[in-house]
Amino acid sequence: MDGYVVDIICLRRISPSQYTKQASEHSTACALMGHCVESGYGLIGENNELKLLDPKATPRIVALLKKTDKDKGVILRVEREENDKEMTTTKVSFA
């Protein structure tokens, strides 16, 4: 899945009908704040589609966010596979 990366704390403040619009404006600095990193991440795709990510995605996302020069609206690609009926992140990259 490709989508804008947003931390869970900020996701809770966004109306689902505004996910895509608000996610495109979500700052990289916010996503790297300590409490935001601890909350985990989700990806928001087109049409307000939300996918919450497992904890294994967090260090990979943080590493990419630290490398980007984008101030906001970072789009990532996450590859996942089913593992014991749960989705597990296997790869995170820039879209």
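Use the structure listed above.
Residues numbered from 1 in each chain as written. Predicted model: local features only at pLDDT ≥ 70, side-chain atom pairs only at ≥ 80, totals over all residues. Heavy atoms only, no water.

K.L.:
Help me out: how do you make sense of the sheet that holds strand β3 (residues 50-52) in this one?
P.N.:
Through backbone hydrogen bonds, the strands of a sheet pair up, either in parallel or in antiparallel fashion. Taken in spatial order, the five strands make up an open sheet running β3-β2-β1-β4-β5, and their pairing is antiparallel. Both outer strands of the open sheet, β3 and β5 (86-94), are each paired with one neighbouring strand and no more. Averaged over all pairs of adjacent strands, the angle between their axes in this sheet comes to 45°, without regard to strand direction. Here three bridges tie strand β1 (residues 2-7) to strand β4 (residues 75-83), and the two strands are oriented antiparallel to one another. Bridged to Tyr4 within β4 is Ile75. Helix-sheet contacts for helix α5 (residues 57-67) involve β1, β2 (41-44), β4 and β5, and the interaxial angle to β5 is about 10°. (Pairing = 2+ DSSP bridges. Helix = DSSP H or I, 4+ residues; strand = E, 2+ residues; numbered from the N terminus. Axes fitted to C-alpha atoms, helices over the stretch in contact; angles between N-to-C directions. Contact = heavy atoms within 4.5 Å.)

K.L.:
Explain α5 here, please?
P.N.:
Along an α-helix, residues three or four positions apart point the same way, because every turn accommodates 3.6 residues. Where α5 is concerned, the buried positions are Ala57, Thr58, Ile61, Val62, Leu64 and Leu65. Buried residues along α5 cover an arc of 165° about the axis, so they all sit on one side. Exposed residues pointing more than 90 degrees away from the buried face of α5 are listed as Pro59, Lys66 and Lys67. Along its buried surface, α5 packs onto β1, α3 (28-31), α4 (34-39), β2, β4 and β5. (Buried < 20%, exposed > 50% of the residue type's maximum accessible area, 1.4 Å probe, protein only. Arc of directions from axis to C-beta.)

K.L.:
Explain the nonpolar core here, please?
P.N.:
A general trend in soluble globular proteins is that nonpolar side chains are found buried together. Grouped together as the largest cluster of nonpolar side chains are 14 residues, with contacts concentrated most on Val5, Tyr41, Leu53, Ile61, Leu65 and Leu76. For this core, the secondary structure elements donating two or more residues are β2, α5 and β4. Setting aside residues up to four positions removed in sequence, Leu76 forms contacts with Met1, Asp2, Gly3, Val5, Leu43, Ile61, Leu64, Val92, Ser93, Phe94 and Ala95. Among the nonpolar cores identified, the runner-up in size contains 11 residues, and Cys10, Ile14, Tyr19 and Cys36 belong to it. (Core = buried A, V, L, I, M, F, W, Y, C linked by side-chain atoms within 4.5 Å.)

K.L.:
Would you mind going over the environment of Ser15 with me for this structure?
P.N.:
Counting through the fold element by element, Ser15 comes out in the loop between α1 (8-11) and α2 (19-23). Accessibility expressed as a relative area gives 38% for Ser15, which makes it partly exposed. Ser15 sits 77 residues away from Val92 along the chain, and the two C-alpha atoms are 26 Å apart.

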